[in-house]
Amino acid sequence: MNTYLTYLIIIISIIVIGYIISIFNRLIQLKNNIKKSSANIDVLLKQRSDEVPNLVEIVKGYMKHEKQTLLDLTKIRTQLTTSQTINKKAQLSGEMSSTLKTIFAVAENYPKLQANENFLSLQKRLSELEDQIADRREFYNDSVTNYNTRITIFPDTLIAKMFKYQEELLFVASDQEKKNVKVQRK
Amino acid sequence: MNILLTFILGTMGAVSSYIGIRAYNTKKLIQDLPTSKIRSVAVGISEIKGKTTPLTTILKSPFTKQDCVHYHYTIEEFKQQGKTKKWVIILQEKSTTPFLVQDDSGTMQVNPKNAEIDIPQNVQYKSGLGKDPPKEIQEFIKNHNKQTTELTTATTGIVAGFVNNIFKLSFEGLFGINKTMRYTEYLIKPNTEVYILGQACIPTTAQTSPPQTPLTQNSPKQTTPTKATQKLQLQFQKGTPFIISNKKEENMTKKYSIETAIFMTIAVLLFAGALYFLFQ
């Protein structure tokens, strides 16, 4: 009888240890998913930031009355390239999106600018980047939600607490980004 | 004797647990990886959903000659293997032509080479004693043998005879009596909703889709957009699963859950048996 009990204990121990290892590995995988999706957003944010000087170069000759908007855009770009936290990045990214929307909306008042091929292709490129950033933000938020859910449900929460895994922040659109752009027609 | 049994059962248990763990990891990967929109897929393991479209030319399925973007067929013979009779694959082929998958955001190229393709069979024909295979199968066998003869003639220089007969496919056995055979065809038709999990990579030049048109032409350096998005392809990469299926994500998860449960139970029973013989 004792021998059978030993087999049973050995098998149960192996299963329990295996299960704990699988939970630990899964949490690491979820955490890596978040890191990867955050890095993938950074790539697009950088690509968008790289286009800003080109945009400013094109529009500054035409939009003389929008000097402040262009200065704001350049300032946001500089801040975005040095920001580290996801909160700050989300806020600045939202501000940049909003400022770009304003520039493109105001540009409708300048027919010569609208006829500039370089401006139109840059507008298209930036619009594509905006869409991709939105998709990747959604992907990032899904990854964070998966992870945050996982570390709060039993039994994963025990392992998460043991290794001090904490909730991650979502990439939330800023209030400024949610606002509609209003342009005064000349 | 006990040591030998312990070793055999232990090895079988290890193999079974390996398959079970692999199925469990795949299931978790499917659950944990959010679905990407095609236009924003990044390099690395990705999951997409969309409808299939042919890349350049539409394929024809080998047996039924239907339009498809991917096909797979097997020809099996029911024959003696050791002490028992079982179905043995004598010929099979999976198409490796890349195709496109489209969702509401864009299209992406998929190279199905080495993919685990989980699709239901399109047709299955059987032939046996007193029953010839249907015309389309006979036609397929005839064409296959013709191509094989041409190939062997080109490579060996032997026009007919022994070498060609080795590779000849036939549904008839000795004295013209039909062998028990079955012919199964699987295909993915255009416009089919598919689920794909695989590695997104930049394809090699031979597989690359037509290049994107530059965003600006002959424009001054400072106003040229810095980078054009490179088109990625979903393909096989060693160490990561590559699954193409027409099932829904929930059904895929269910499938791998069942696989995990079956193989892990078998593994536990085998390990228990191994321990029993070890301590007896």
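Residues numbered from 1 in each chain as written. Chains lettered and ligands numbered in written order. Predicted model: local features only at pLDDT ≥ 70, side-chain atom pairs only at ≥ 80, totals over all residues.

### Examining the nonpolar core
Residue and element names in this part refer to chain B. Core analysis: the biggest nonpolar cluster contains 44 residues, and Ile-48, Val-101, Met-108 and Ile-196 have the highest contact counts within it. With eight residues, the top contributor of residues to this core is helix H4 (residues 249-279). Split by domain, the residues of this core number at least three in each of domain 1 (2-133 + 171-204 + 230-279) and domain 2 (134-170). Ignoring anything within four residues of it in the chain, the contact list for Ile-48 reads Thr-35, Ser-36, Ile-38, Val-41, Val-101, Asp-103, Met-108, Ile-196 and Leu-234. (Core = buried A, V, L, I, M, F, W, Y, C linked by C-beta atoms within 7 Å. Buried ≥ 20, exposed ≤ 12 C-beta atoms within 10 Å, placed from the backbone. Helix = DSSP H or I, 4+ residues; strand = E, 2+ residues; numbered from the N terminus. Domains from an automatic or database assignment. Contact = placed C-beta atoms within 7 Å.)

### Focus on the interface of chain B and chain A
With 26 residues of chain B in contact, the opposing surface of chain A contributes 30 residues. Sorting the residues of the side of chain B that touches chain A by element identifies helix H1 (2-32) and H4 of chain B as the ones contributing at least two each. Top element by residues in the side of chain B that touches chain A is H4 of chain B. It accounts for six residues.

### Structural notes on the pairing of strand S5 (residues 84-94) of chain B
Residue and element names in this part refer to chain B. Of all 11 residues in S5, zero are buried; the element is thus mostly exposed. As judged from the 10 bridges shared by strand S4 (residues 70-81) and S5, these two strands associate in the antiparallel manner. Bridged to Tyr-73 within S5 is Glu-93. Between S4 and S5, which pair antiparallel one after the other, the connecting turn spans two residues, and Gly-82 there sits at a positive phi close to 70°. (Pairing = 2+ DSSP bridges.)

### Notes on the environment of Asn-145 of chain B
Residue and element names in this part refer to chain B. Position of Asn-145 relative to the elements: it lies in helix H2 (residues 135-156). Judged by C-beta crowding, with 16 C-beta atoms within 10 Å, Asn-145 ranks as partly exposed. Between the C-alpha atoms of Asn-145 and Lys-168, which are 23 residues apart in sequence, the distance is 5.6 Å. Not counting residues within four places of it along the chain, the set of residues in contact with Asn-145 comprises Lys-168 and Leu-169.

### So, helix H2 (residues 67-82) of chain A
Residues and elements named next belong to chain A. The end-to-end C-alpha separation of H2 is 23 Å, in line with the 22 Å expected for 16 residues at 1.5 Å each. Taken together, the buried positions of H2 are occupied by Leu-73, Ile-76, Arg-77 and Leu-80. All buried residues of H2 lie within an arc of 105° about the axis, which places them on one face of the element. Away from its buried face, by an angle of more than 90 degrees, H2 presents the exposed residues Lys-67, Gln-68, Leu-71 and Thr-82. On the buried face of H2, the contacting elements are helix H1 (2-59) and helix H3 (86-107). (Expected span 1.5 Å × (residues − 1). Arc of directions from axis to C-beta.)

### Side note on the domain arrangement of chain B
How big an interface is tends to be stated in terms of accessible area lost as the parts join. All names here are of chain B. For chain B, the assigned domains are domain 1 (2-133 + 171-204 + 230-279) and domain 2 (134-170). Spacing between the C-alpha centres of domain 1 and domain 2 amounts to 28 Å. The interface of domain 1 with domain 2 comprises nine residues on the first partner and eight residues on the second.

### Topic: unusual backbone geometry
Here Phe-154 of chain A and Pro-155 of chain A are connected by a cis peptide whose omega angle stands at 5°. Locating Pro-155 of chain A in the fold gives a position in the loop between helix H5 (117-150) and helix H6 (156-162). The backbone of Asn-114 of chain B shows a phi angle near 65°, a positive value even though the residue is not glycine. Residue placement: Asn-114 of chain B occurs in the loop between strand S7 (106-110) and strand S8 (116-118). Given 14 C-beta atoms within 10 Å, Asn-114 of chain B falls into the partly exposed group.

### Some thoughts on the pairing of strand S10 (residues 181-188) of chain B
Residues and elements named next belong to chain B. Among the eight residues of S10, six are classified as buried, and the element is accordingly described as predominantly covered. Two strands pair when backbone bridges link them, and S4 and S10 are joined in this way by eight bridges, in the antiparallel orientation. If you follow Glu-76 over to S10, its bridge partner there is Arg-182. Here strand S9 (residues 121-127) pairs with S10 via six bridges, running antiparallel. The residue bridging Ser-127 from the neighbouring strand is Met-181, located in S10.

### Brief notes about the sheet that holds S9 of chain B
To summarise the sheet geometry, strands pair through backbone hydrogen bonds and adopt either a parallel or an antiparallel arrangement. Residues and elements named next belong to chain B. If you trace the four strands from one edge of the open sheet to the other, you get S5-S4-S10-S9, paired in antiparallel fashion. Only two strands of the sheet have a single neighbouring strand rather than two, namely S5 and S9. In this sheet, adjacent strand axes meet at a mean angle of 20° when their direction is disregarded. (Axes fitted to C-alpha atoms, helices over the stretch in contact; angles between N-to-C directions.)

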